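Residue-level structural notes
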Amino acid sequence: MFKLIEELKKNDKEAIALLYTKYGEKLYGYAITKWKVSDDVAWELVYKTLYKVIDSLDNYTFKDENRFVGFVFKVFTNYLRNHLRDTKNKLVVAEELFEGMNISLPESDGEEDNESESSLMKCLKKVLGALEDWQRVLLLMKAQDFSYKEISPYVDKPAKQLKVYNLRLRTVVSKNTNFCVENNEYEG
């Protein structure tokens, strides 16, 4: 067993720093260049990997440092694959959401299809059509129980502020939709 692993098993802080120094930048660079993930995601996965390696050292033995490096890389690659899979699944759900909504923005010039819609639906489409894209994305994704942290990259807003934006938008959409229905503004 080589010295780094012995120090890591002792839970020595200097060994943890050495592990980060020795492998952190390499893993980060690999994630950015080969997997095209964002800086934040790359660093999150690097830290996750290093902590996982430290936690699972007692379960493995390594003949040499090359085997250890392979182990670290394998753990990191697994985290990258899981992230990619999870991200793809969320993108598919979001795309299906937009397709399923089939919101025609206020460009509809009294088409026959719109005659069968209720006044509430016409007003809702009108109000949603007046929102910015990021606002619609926030409302639709939150309605599908995505967390604010998951929504944040799609709307390019800090996750900490999304709860406030969501509450305000829901209030605005509700008030404007009710106003539209009460004043028969959906016909014009």
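Small disclaimer: the values here were computed from a predicted structure and weren't measured.

**Digging into the state of the cysteines**
- Taken as a whole and assessed by the stated rule, the structure comprises one disulfide.
- A sulfur-sulfur separation of 2.2 Å characterises the disulfide bridge that pairs Cys123 with Cys180. What sets the handedness of the Cys123 and Cys180 disulfide is the S-S torsion sign, and at about -75° it is left-handed. In this pair, Cys123 is assigned in helix α6 (residues 119–130) and Cys180 in helix α9 (residues 159–182), connecting sequence segments 57 residues apart.
- Judged by its relative accessible area of 0%, Cys123 is buried.

**Quick look at the environment of Glu14**
- Position of Glu14 among the secondary structure elements: in helix α2 (residues 13–34).
- The spatial distance from the C-alpha of Glu14 to the C-alpha of Leu4 is 9.8 Å, given a sequence separation of ten residues.

**Re helix α3 (residues 39–56)**
- Relative to the 26 Å expected for 18 residues at 1.5 Å per residue, α3 spans 26 Å between its end C-alpha atoms, a close match to the ideal helical length.
- Within α3, burial applies to Val41, Ala42, Leu45, Val46, Thr49, Leu50, Val53, Ile54 and Ser56.

**As for the packing of helix α7 (residues 133–143) against helix α8 (residues 148–155)**
- At a minimum axis distance of 10 Å, the contact between α7 and α8 shows a crossing angle of 155°. Considered as vectors, α7 and α8 are oriented roughly antiparallel to each other. As α7 packs across α8, the resulting crossing turns out to be right-handed. Within the contact between the two elements, α7 uses Trp134, Val137, Leu138, Met141 and Lys142 and α8 uses Tyr148, Glu150, Ile151, Tyr154 and Val155.
- Along the lines of polarity and charge, the residues of the contact of α7 with α8 split into eight nonpolar, no polar and two charged.

**Quick notes on the confidence of the model for the chain**
- Of all residues in the chain, 81% have pLDDT values of 70 or greater, and the mean over the chain is 80.
- Averaged over each element, pLDDT in the chain is lowest for helix α5 (residues 112–115) (46) and highest for α3 (90).
- The low-confidence segment residues 102–114, where pLDDT is below 50, has ten contacts with residues more than four positions distant or belonging to other chains.

**Focus on the pattern of salt bridges**
- This model, assessed by the stated rule, comprises two salt bridges.
- For Lys22, the salt bridge goes to Glu65, with nearest N and O atoms at 2.4 Å. Remark: Glu65 occurs in helix α4 (residues 65–101) and Lys22 occurs in helix α2; sequence separation between them is 43 residues.
- Take Lys22: its relative accessible area is 32%, and that puts it in the partly exposed class.
- For Glu65, a relative accessible area of 28% gives the class partly exposed.
- Here Asp133 ties to Arg136 by a salt bridge, and the two come within 2.3 Å at their closest N and O atoms.

**Concerning the layout of surface pockets**
- By volume, the largest pocket amounts to about 770 Å³.
- In terms of lining residues, the largest pocket is bounded by 21 residues, among which Val41, His83, Thr87, Lys149 and Pro153 are the most central.
- Counting residues per element, the ones that place at least two in the lining of the largest pocket are α3, α4 and α8.
- Per-element tally for the lining of the largest pocket: the top contributor is α4, with seven residues.
- For the lining of the largest pocket, the residue count by class is eight nonpolar, five polar and eight charged.

**Quick word on unusual backbone geometry**
- Unlike most non-glycine residues, Lys36 shows phi in positive territory, near 55°.
- Relative to the helices and strands, Lys36 is located in the loop between α2 and α3.
- Positive phi, normally seen in glycine, also occurs at Asp156, with a value near 55°.
- Structurally, the position occupied by Asp156 is in the loop between α8 and α9.
- When its relative accessible area of 69% is taken as the criterion, Asp156 is described as exposed.

Rules used throughout
Starting from 1, residues in each chain are numbered consecutively following that chain's sequence as written. Two thresholds apply to this predicted model, a pLDDT of at least 70 for residue-level local features and 80 or more for giving and counting side-chain atom pairs, whereas whole-chain, interface and lining totals are computed over all residues. Computation of side-chain values: all heavy atoms of the structure, hydrogens and water removed. Criterion for a disulfide: a pair of cysteine sulfur atoms within 2.5 Å. Think of it this way: any DSSP run of H or I at least four residues long counts as a helix, any run of E at least two long counts as a strand, and we number them from the N terminus. Note on exposure labels: buried denotes an accessible area under 20% of the residue type's maximum, exposed denotes more than 50%, and partly exposed covers the range between, all computed with a 1.4 Å probe on protein chains only. The span you would expect from a helix comes to 1.5 Å times its residue count less one. Axis definition: a line fit to C-alpha positions, over the contact stretch in the case of helices; interaxial angles, taken between N-to-C directions, run 0 to 180 degrees. An angle below 35 degrees is treated as roughly parallel, one above 145 as roughly antiparallel, one from 65 to 115 as roughly perpendicular, and anything else as oblique. Handedness of each helix crossing follows the sense of rotation of the near helix against the far helix: counterclockwise by less than a right angle gives left-handed, clockwise gives right-handed. Note on definitions: a residue-residue contact is assigned when non-hydrogen atoms from the two residues lie within 4.5 Å. Gly is put with the polar residues, along with every residue not named as nonpolar or charged; the nonpolar set is Ala, Val, Leu, Ile, Met, Phe, Trp, Tyr, Cys and Pro, and the charged set is Asp, Glu, Lys and Arg. Confidence scores per residue from the predictor, reported as pLDDT, run from 0 to 100. Whenever Lys or Arg places a side-chain nitrogen within 4 Å of a carboxyl oxygen from Asp or Glu, that contact is recorded as a salt bridge. A cavity, in this analysis, means grid points on a 1 Å lattice covering only the protein atoms where a 1.4 Å probe fits yet has no way out; a pocket is instead an open set bounded by protein on both sides within 12 Å along at least five of seven lines, and a residue lines either one if it has an atom within 4 Å of a point. Grid points are joined across faces, edges and corners, and a volume is the space filled by probe spheres set on the points.

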